[in-house]
Amino acid sequence: MGKRLYSPFFILYLVPNQLPHNRLGVVASKKIGKSVARNRIKRLLREAFRRYPCQQEHGLDMVVVSSPRIISLNARQVNELFMEKLNSYHQSISG
């Protein structure tokens, strides 16, 4: 079954899949801002997903629903927050 991880900046939904790779979906609504701001957030989240060190752990569908507060973060902060949430997920399922 799936799991939801909450942050003040986004909600991360994680569901195991039967595929040999991880997949990412990003939701950035118009509440975040105009298209430039929404696309920036999507780029930052896709980059954080790409940098995730556990890419060898296959079989996860991830959906990130962004909050308007995420616009205040820079790339490093988005990356750290994304890693923190994924690490907490892996800790919760392993032990």
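Residues numbered from 1 in each chain as written. Predicted model: local features only at pLDDT ≥ 70, side-chain atom pairs only at ≥ 80, totals over all residues. Heavy atoms only, no water.

Peer 1: Outline the overall build of the protein chain, listing residues and values.
Peer 2: Across its full length, the protein chain holds two helices and four strands. Listing every helix and strand of the protein chain by position from the N terminus yields β-β-β-α-β-α. In terms of overall size, the protein chain behaves like a compact globule, its C-alpha atoms giving a radius of gyration of 13 Å where 95 residues would be expected to give roughly 12 Å. The C-alpha extent of the protein chain, read off along each of the three principal axes, is 40 × 25 × 25 Å. Considering the protein chain as a whole, with its 95 residues, one finds that 39% of them fall into the buried category. Counting every atom, the protein chain has about 5900 Å² of accessible surface; 54% of that belongs to carbon and sulfur. The average position of the 16 basic charges and that of the 5 acidic charges among the side chains of the protein chain differ by 12 Å. (Helix = DSSP H or I, 4+ residues; strand = E, 2+ residues; numbered from the N terminus. Rg over C-alpha atoms; globule rule 2.2 N^0.38 Å. Buried < 20%, exposed > 50% of the residue type's maximum accessible area, 1.4 Å probe, protein only. Areas by Shrake-Rupley, 256 points an atom, 1.4 Å probe, with all protein chains shown as cover. Lys, Arg positive; Asp, Glu negative; His and termini not counted. Charge placed at Lys NZ, Arg CZ, Asp CG, Glu CD.)

Peer 1: Run through the side chain of Arg-38, naming residues and quoting values.
Peer 2: With respect to the element layout, Arg-38 can be found in helix α1 (residues 35-51). As a buried residue without a salt bridge, Arg-38 has its nearest oppositely charged side chain in Glu-47, at a separation of 20 Å. Apart from the residues within four sequence positions on either side, Arg-38 is in contact with Ala-28, Ser-29, Lys-30, Ile-32 and Gly-33. (Salt bridge = Lys/Arg side-chain N within 4 Å of Asp/Glu carboxyl O. Contact = heavy atoms within 4.5 Å.)

Peer 1: Can you explain the sheet that holds strand β3 (residues 23-27)? Please cite residues and give values.
Peer 2: Strands sit in the order β1-β2-β4-β3 across an open sheet of four strands; the sheet is mixed. The open sheet terminates on both sides in strands that have one partner only, identified here as β1 (3-6) and β3. Each strand axis lies, on average, 15° off the axis of its neighbour in the sheet, ignoring direction. Pairing of β3 with strand β4 (residues 60-66) involves five bridges; the strand directions are parallel. From the neighbouring strand, Val-26 faces β4, where its bridge partner is Val-64. Taken strand by strand, α1 contacts β3 and β4, and its axis lies near 160° from that of β3. Docked against the sheet, helix α2 (residues 75-94) engages β1, β2 (10-16) and β4, running at close to 40° with respect to β2. (Pairing = 2+ DSSP bridges. Axes fitted to C-alpha atoms, helices over the stretch in contact; angles between N-to-C directions.)

Peer 1: Tell me what's going on with α1, and back it up with residues and numbers.
Peer 2: Between its terminal C-alpha atoms α1 stretches 24 Å, which fits the 24 Å expected from 17 residues at 1.5 Å a residue. By the burial criterion, the buried members of α1 are Ala-37, Arg-38, Ile-41, Leu-44, Leu-45, Ala-48 and Phe-49. Angularly, the buried residues of α1 cover 140° about the axis, an arc narrow enough to put them on a single face. Exposed and facing more than 90 degrees away from the buried side of α1 are Val-36, Arg-50 and Arg-51. (Expected span 1.5 Å × (residues − 1). Arc of directions from axis to C-beta.)

Peer 1: Please set out the packing of aromatic side chains residue by residue, giving values where relevant.
Peer 2: The tally for this structure, following the rule as stated, stands at zero aromatic pairs. The residue whose ring lies beneath Arg-69 is Phe-9, and the NZ or CZ to ring-centre distance is 5.3 Å. (Phe/Tyr/Trp six-rings, centres within 6.5 Å; stacked < 30°, edge-to-face > 60°. Lys NZ or Arg CZ within 6 Å of the ring centre and 35° of its normal.)

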